[in-house]
There are 2 protein chains.
Amino acid sequence: MVKPMPSLSDEIEVFLKRMLEEAAGRVEIRRQRLAARFGCAPSQINYVLETRFTVDRGYSVESRRGGRGYIRIVKFSLSSPEWAMEYLGDRIGDLLTQPEAEAFIERLGEDGCLSPREVALMKAVVDREALALDLPYRDRLRAALLRRMVAAVLSCPPVDDRAEQ
Amino acid sequence: MVKPMPSLSDEIEVFLKRMLEEAAGRVEIRRQRLAARFGCAPSQINYVLETRFTVDRGYSVESRRGGRGYIRIVKFSLSSPEWAMEYLGDRIGDLLTQPEAEAFIERLGEDGCLSPREVALMKAVVDREALALDLPYRDRLRAALLRRMVAAVLSCPPVDDRAEQ
DNA sequence: AAATCAAAGGTCAGGGATGGTCAAACCGAT
DNA sequence: ATCGGTTTGACCATCCCTGACCTTTGATTT
């Protein structure tokens with residue numbers, strides 16, 4: 001009762017991410033087999049890939065059709081905020097939408113650059129409700145704020161308690 | 001002598017707060033189901049949330065639409081100092097200057113509610129350079145952002161999120 | 001080779017399931 | 001009668017999932 005019932009898409013996402021972890025960030029799947037396993041339409045797999053394994057989130061998806069067909073998912077990690085900053089500078093202009101910003105923040109979190117609380121904090125800032133401005137000013141402000149937040153994280157000593165041991 | 005008849009909104013408020021108590025300050029509901037239970041329009045639920053489960057009262061609310069949608073209500077950690085709640089309620093008006101915001105953030109940090117990085121993050125957001133707006137919009141935005149940041153952090157898992165391993 | 005077939009995966013529009021917004025109606029207390 | 005807090009309903013936005021139809025690739029047949 002406390003947890004929301006996960007959607008099928010959520011389950012497939014978790015399944016694939018677990019596979020990725022066990023396979024060092026690189027897996028190949030058969031669309032039909034996976035669909036059969038979850039008892040859904042094959043196109044559902046595409047939906048999951050399109051919404052949860054995007055480039056913004058740090059994944060690359062290639063595929064091949066026909067006999068011997070496959071879908072390959074590769075995860076790219078941002079191993080440090082330094083990298084993240086560079087990536088941010090390159091890939092993001094002066095404008096940034098909320099989904100783009102969230103994807104970026106979540107990615108930093110998944111890659112261990114941010115604690116869950118820091119992720120929550122940054123997502124709160126980037127929310128379109130918080131940034132009560134008309135477009136395109138809102139997207140501009142969001143981009144500026146995200147840059148500053150990443151910079152702040154960069155300049156502050158990592159708070160990784162685990163490293164102390 | 002006689003208490004005013006409680007409105008439907010009051011009843012829903014009580015109901016939700018009881019749920020929160022039983023669930024350690026974190027519940028997820030279906031808007032339609034709850035509305036059906038009280039025999040009211042679904043939007044009534046939004047009204048209750050907007051008027052009674054606000055940040056300055058110590059709650060944060062997130063939601064998701066579409067299939068398997070939900071509304072999640074989280075009551076701030078009880079460990080957050082009382083003065084902070086008071087601050088959220090009264091002292092932070094609709095307007096907030098940079099020094100005021102920084103003082104608030106630093107004090108939260110000193111009280112152990114925020115890590116040094118979280119302090120740095122929040123200060124970066126609250127900086128007048130980041131909020132490139134004219135007054136009084138800037139002070140208004142700053143107040144809104146601070147509220148949201150505090151809500152995000154205080155409603156996120158216990159302060160030491162790293163102990164999970 | 002060329003033609004054909006079979007076996008993947010890709011696309012897209014659409015329907016259903018949620019929740020969100022907002023203005024207007026409603027209602028109770030002054 | 002007015003004012004502020006309620007309550008509603010019409011309309012909107014988002015997310016999920018499917019099925020019909022399309023494209024590509026490799027193997028088989030001619």
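The structure contained in this document is the topic of the report that follows. Position labels on residues start from 1 in each chain and follow its written sequence. Each chain takes a letter, starting from A, and each ligand takes a number, starting from 1, following the order in which they are written. Given that this is a predicted model, residues contribute local features only at a pLDDT of at least 70 and side-chain atom pairs are listed and counted only at 80 or more, while totals for whole chains, interfaces and linings are drawn from all residues. Side-chain numbers here rest on the full set of heavy atoms in the structure, without hydrogens or water.

## Regarding the pairing of strand β3 (residues 70-75) of chain A
Residues and elements named next belong to chain A.
- Accessible area is worked out with a 1.4 Å probe on protein chains only. A residue is then buried under 20% of its type maximum, exposed over 50%, and partly exposed in between. In this text, helices come from DSSP runs of H or I with a minimum length of four residues, and strands from runs of E with a minimum of two, each type numbered from the N-terminal end. When you tally the buried positions in β3, you get five out of six residues, the bulk of the element.
- Sheet analysis places strand β2 (residues 59-64) next to β3, joined by six bridges and oriented antiparallel. Counted as the bridge partner of valine 61 is isoleucine 73 from β3. Here the rule is simple: two strands pair whenever DSSP picks up at least two bridges between them.

## Side note on the interface of chain B and chain A
- Contact definition: two residues touch when any of their heavy atoms are within 4.5 Å. Taken together, the 39 residues of chain B in the interface contact 39 residues of chain A.
- Once two parts are joined, some of their accessible surface, as seen by a 1.4 Å probe, is lost; buried area is that loss totalled over both. Taken over both partners, the interface formed by chain B and chain A buries close to 3,300 Å², and the fraction arising from carbon and sulfur atoms is 63%.
- Whenever Lys or Arg places a side-chain nitrogen within 4 Å of a carboxyl oxygen from Asp or Glu, that contact is recorded as a salt bridge. For the salt bridge of arginine 64 of chain B with aspartate 10 of chain A, the shortest nitrogen-to-oxygen distance reads 3.4 Å.
- Within 3.5 Å is the distance limit for a polar contact, defined as a pair of N or O atoms, with the added protein rule that one can donate a hydrogen and the other accept it, and that residues adjacent in sequence qualify only through two side-chain atoms. Taken together, the links from chain B to chain A amount to six residue pairs in polar contact (both at pLDDT 80 or more).

## Observations regarding the protein's contact with DNA strand D
- Nearness here has a simple test: a residue counts as near a molecule or strand if at least one of its heavy atoms is within 4 Å of that partner. Taken together, 27 residues lie near DNA strand D, and Ser43 and Tyr47 of chain A together with Ser43, Tyr47 and Arg64 of chain B sit nearest.
- Of all atoms in DNA strand D that approach within 4 Å of the protein, 62% are sugar or phosphate atoms.
- Within the contact set of DNA strand D, a phosphate oxygen lies 3.2 Å away from a backbone nitrogen or oxygen of alanine 41 of chain A.
- At a separation of 3.1 Å, a phosphate oxygen of DNA strand D approaches a polar side-chain atom of glutamine 44 of chain A.
- Breaking the surface near DNA strand D down by element, the ones donating at least two residues are α1 (8-22) and α3 (42-52) of chain A together with α1 (8-22) and α3 (42-52) of chain B.
- In the scheme used here, Gly and all other residues not listed as nonpolar or charged are polar, with Ala, Val, Leu, Ile, Met, Phe, Trp, Tyr, Cys and Pro taken as nonpolar and Asp, Glu, Lys and Arg as charged. Grouping the amino acids of the surface near DNA strand D by side-chain chemistry returns eight nonpolar, 12 polar and seven charged.

## Comments concerning the sheet that holds strand β3 (residues 70-75) of chain B
All names here are of chain B.
- Reading across the sheet, the three strands line up as β1-β3-β2 and stay open at both edges, with antiparallel pairing between neighbours. Two strands lie at the open edges of the sheet, namely β1 (26-29) and β2 (59-64), each paired on one side alone. Put simply, the sheet's adjacent strands are angled 15 degrees from each other on average, direction ignored.
- The pairing of β1 with β3 spans four bridges and is antiparallel. Paired with glutamate 28 across the bridge in β3 is arginine 72. Interaxial angles span 0 to 180 degrees and are taken between N-to-C directions of axes, which are lines fitted to C-alpha atoms, for helices over the stretch in contact.

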